[in-house]
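Residue-level listing of the chains:
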Amino acid sequence: MNKFFYLFFMLFSYGISHAQIHEIGIFTGGSNYIGDVGPTSYIAPNKLALGILYKWNKSPRHAYRFSYTQTTLYANDFDAKEASRKQRGYAFKNSLKELSAGLEFNFFDFNLHETKFKFTPYVFSGLNFIFHDELYINTVGDTYKDKTNNSLSIPMIVGIKANLNRRFIIGMEVGARYSFTDNLDGSYPSATNLQTYRFGNINNTDWYVFSGLTLTYTFGEKPCYCAF
């Protein structure tokens with residue numbers, strides 16, 4: 001855990017020495033999983049997700065964004081609409097930590113030099129590094145942790161934000177993550193002695209979604225934005 005915050009602090013310190021306008025704040029909302037266990041609804045948060053984020057605004061239209069978010073992914077077949085899943089009755093919980101970096105693009109000019117009210121839809125994408133439990137589910141439906149593993153995921157976030165006053169910005173966003181692992185749910189354990197417990201669609205990897213609110217505080221000198 002300390003390594004995550006150390007890296008976040010290093011990125012934050014680098015931004016202070018090179019940036020024009022900074023934002024630092026929090027994310028709070030919920031998470032849900034989409035894969036081989038539980039319901040297949042795209043936006044159905046069922047567990048708390050919390051995070052911190054930093055933005056380095058390079059122009060009124062784009063910013064570099066870094067964040068750390070953690071949650072417990074949870075899904076239960078009894079919540080699914082498919083009769084086959086209800087009959088199977090599998091469930092899992094997986095502790096997930098996400099470190100993210102990428103580019104946020106504003107559809108409208110969002111000039112932090114101006115104090116008047118403004119809002120804009122935005123999109124974000126980049127690359128995530130995730131830590132998660134390596135799970136497996138035995139033949140009677142009991143879920144166990146084998147080890148801690150790491151992987152990558154790609155975020156696809158859409159949102160809308162507005163300034164509350166000169167210093168605070170509030171946003172609402174939904175972000176799906178395409179992961180590079182098929183075992184957030186315990187359906188595809190990698191250990192040789194556990195491969196007999198594999199099930200589900202082996203051609204698709206797992207997805208997870210964060211949806212919620214962001215609140216950031218702006219600070220730093222405010223010279224004119226550069227032209228690039």
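Along each chain, numbering runs from 1 in the same order as the chain's sequence is written. Restriction of local features to residues with pLDDT of at least 70 applies here, the model being predicted, together with a cutoff of 80 or more for giving and counting side-chain atom pairs; totals for whole chains, interfaces and linings are based on all residues. Note that water and hydrogens are dropped before the side-chain values are worked out from all heavy atoms of the structure.

### Structural notes on the packing of aromatic side chains
Using the following cut-off: For Phe, Tyr and Trp, where Trp contributes only its six-membered ring, two rings pair if their centres lie within 6.5 Å, and the inter-plane angle classes them as stacked under 30 degrees, edge-to-face over 60, or tilted in between. Going along the chain from the N terminus, every DSSP run of H or I of four or more residues is numbered as a helix, and every run of E of two or more is numbered as a strand. Only protein chains enter the calculation, and the probe is 1.4 Å; a residue is then buried if its accessible area is under 20% of its type maximum, exposed if over 50%, and partly exposed in between.
Summed over all chains, the structure comprises 16 aromatic pairs. Taken together, a centroid distance of 5.6 Å and an interplanar angle of 15° make the contact between Tyr136 and Tyr197 stacked. In this pair, Tyr136 is assigned in strand β5 (residues 119–137) and Tyr197 in the loop between β7 (168–179) and β8 (207–219), connecting sequence segments 61 residues apart. On the basis of relative accessible area, Tyr136 is assigned to the buried category, the value being 17%.

### Notes on the confidence of the model for the chain
Worth spelling out the cut-off: A score from 0 to 100, pLDDT tells how confident the predictor is in each residue. Residue contacts are defined here by distance: any two heavy atoms, one from each residue, within 4.5 Å place the two residues in contact.
Looking at the chain, the pLDDT average stands at 90 and 88% of residues meet or exceed 70. This model gives residues 15–19 a pLDDT under 50, and the stretch forms eight contacts once residues within four places in sequence are excluded.

### Here's the deal with the sheet that holds strand β6 (residues 143–163)
Filter applied, for reference: Strands are labelled as partners when DSSP assigns at least two bridges between them. In this analysis, axes come from line fits to C-alpha atoms, helices being fitted only over the stretch in contact, and the angle between any two N-to-C directions falls in the range 0 to 180 degrees.
Reading around the barrel, the eight strands line up as β1-β2-β3-β4-β5-β6-β7-β8 and close back on themselves, with antiparallel pairing between neighbours. Sheet twist, expressed as the average angle between the axes of neighbouring strands with direction ignored, equals 25°. As paired elements, strand β1 (residues 21–34) and β8 share 13 bridges and run antiparallel to each other. Within β8, the residue paired with Ser31 across the bridge is Phe210.

### Concerning empty space enclosed by the protein
The test is simple: Cavity means a closed set of points on a 1 Å grid over the protein atoms alone, one where a 1.4 Å probe fits but cannot get out, pocket means an open set with protein on both sides within 12 Å along at least 5 of 7 lines, and lining means a residue has an atom within 4 Å of a point. Grid points are joined across faces, edges and corners, and a volume is the space filled by probe spheres set on the points. Gly is put with the polar residues, along with every residue not named as nonpolar or charged; the nonpolar set is Ala, Val, Leu, Ile, Met, Phe, Trp, Tyr, Cys and Pro, and the charged set is Asp, Glu, Lys and Arg.
Per the stated rule, a full pass over the model turns up two cavities of 30 Å³ or more. If you go around the largest cavity, you meet 14 residues; those closest to its centre are Arg65, Ser67, Thr69, Glu173 and Arg177. Within the residue set of the lining of the largest cavity, elements represented by two or more residues are β3 (62–76), β4 (91–106), β5, β6 and β7. Here the lining of the largest cavity gets three residues from one element, more than from any other, and that element is β3. Tallied by class, residues from the lining of the largest cavity come to six nonpolar, four polar and four charged. Taken together, Glu23, Lys55, Tyr122, Lys161, Ile169, Ile170, Gly171, Thr214 and Thr216 form the lining of the second largest cavity. Of all the secondary-structure elements, those providing two or more residues to the lining of the second largest cavity are β7 and β8. For the lining of the second largest cavity, the element with the highest residue contribution is β7, accounting for three residues.

### Notes on the pattern of salt bridges
In plain terms, the rule: In the sections that follow, a salt bridge refers to a side-chain nitrogen of Lys or Arg positioned within 4 Å of a carboxyl oxygen of Asp or Glu.
In this structure the tally under the stated criterion is eight salt bridges. Of the charged contacts, one joins Glu104 and Lys55 as a salt bridge, the two residues approaching to 3.0 Å between their closest N and O atoms. Separated by 49 residues along the polypeptide, Glu104 in strand β4 and Lys55 in strand β2 (residues 47–57) bring together distant segments of the chain. Accessibility expressed as a relative area gives 3% for Lys55, which makes it buried. A salt bridge links Asp77 to Arg88; the shortest N-O distance between them is 2.8 Å. One end of the pair, Asp77, is in the loop between β3 and α2 (83–88); the other, Arg88, is in helix α2, with 11 residues separating them in the sequence. Accessibility expressed as a relative area gives 0% for Asp77, which makes it buried. Its relative accessible area of 29% is what places Arg88 among the partly exposed residues. Connected through shared salt-bridge partners, Lys55, Arg65, Glu104, Lys161 and Glu173 make up one network.

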